[in-house]
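Coordinate analysis (summary)
For reference, the chains in residue letters:
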Amino acid sequence: MTSQFFEQEPGKEFEIIKLLIFDKVKKELENRQIRVENIRRVIDYAEKTGDHLINRETGHKLARNRELNVTFWVEYSVQDDGYVIHNAYSHRMEIGPESDAKTTLAGEAADTPWHCAKCDSLLEPRTIVVHYLKYDFPVSLLKCQKCDFVLVTEDLALGKMAEVEQLLEDK
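The rules behind the values
- Residues numbered from 1 in each chain as written.
- Predicted model: local features only at pLDDT ≥ 70, side-chain atom pairs only at ≥ 80, totals over all residues.
- Heavy atoms only, no water.
- Helix = DSSP H or I, 4+ residues; strand = E, 2+ residues; numbered from the N terminus.
- Expected span 1.5 Å × (residues − 1).
- Bend = angle between axes of the 7 residues up to and from the residue.
- Buried < 20%, exposed > 50% of the residue type's maximum accessible area, 1.4 Å probe, protein only.
- Phe/Tyr/Trp six-rings, centres within 6.5 Å; stacked < 30°, edge-to-face > 60°.

A closer look at the environment of Leu156
You can see Leu156 is positioned in helix α3 (residues 154-170). Taking C-alpha positions, Leu156 is 9.6 Å from Leu141, a pair spaced 15 residues apart along the chain.

Written out as structure tokens, the structure reads:
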């Protein structure tokens, strides 16, 4: 099991963030076309704002940041003067407000180890409008009870959401 530390590229607007990415994760990031810069921006934003989730079982953090038309999610933990990257994924759908509409996409169940770090609150299922291209879909997603942080899990992002994105792009 080898690892690689990536250093900050010159001229970037965010501070130097050291990442420890093991080969298995690095290969997954390459397959998902997620760059180190995307990961750094997510962590930089999360650590500056406190806007992330914490897994009660592992202590890992899960944060997201939207860049242009893509939301990047990074699961990481703090180690010494850097961060260990455990996973990362992305989706192109925009997460909107709560809705009273009936859900059209299967979302998430309430049983999750994640809780909001900023509010120290549990996540609860809510109907959230997600938007892609010119279409809106009410989806059951887990949302912080206090600050409105909405969790899009890896399974949902890489499964049903990716499938819908592809279908709409093919229209």
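The rest of the description comes next.
Here we look at α3
Relative to the 24 Å expected for 17 residues at 1.5 Å per residue, α3 spans 23 Å between its end C-alpha atoms, a close match to the ideal helical length. Along α3, the helix axis deviates most sharply at Met161, where the bend reaches about 40°. Listed as buried for α3 are Leu156, Ala157, Met161, Val164, Glu165 and Leu168.

A few points about the packing of aromatic side chains
Aromatic ring pairs are reported here in terms of the distance separating the ring centres and the angle at which the planes meet. Tallied over the entire structure, the rule returns 3 aromatic pairs. Geometrically, the ring pair formed by Trp73 and Tyr89 is stacked, given 6.0 Å between the ring centres and 5° between the ring planes. Of this pair, Trp73 sits in strand β5 (residues 70-79) while Tyr89 sits in strand β6 (residues 82-91), and the two are 16 residues apart along the sequence. The burial state of Trp73 is the same as that of Tyr89; both residues are buried. Geometrically, the ring pair formed by Trp73 and Phe149 is edge-to-face, given 6.0 Å between the ring centres and 80° between the ring planes. Residue Trp73 is found in strand β5, and its partner Phe149 is found in the loop between β10 (135-144) and β11 (150-151); the two are separated by 76 residues along the sequence. By relative accessible area, Trp73 is classed as buried at 1%.

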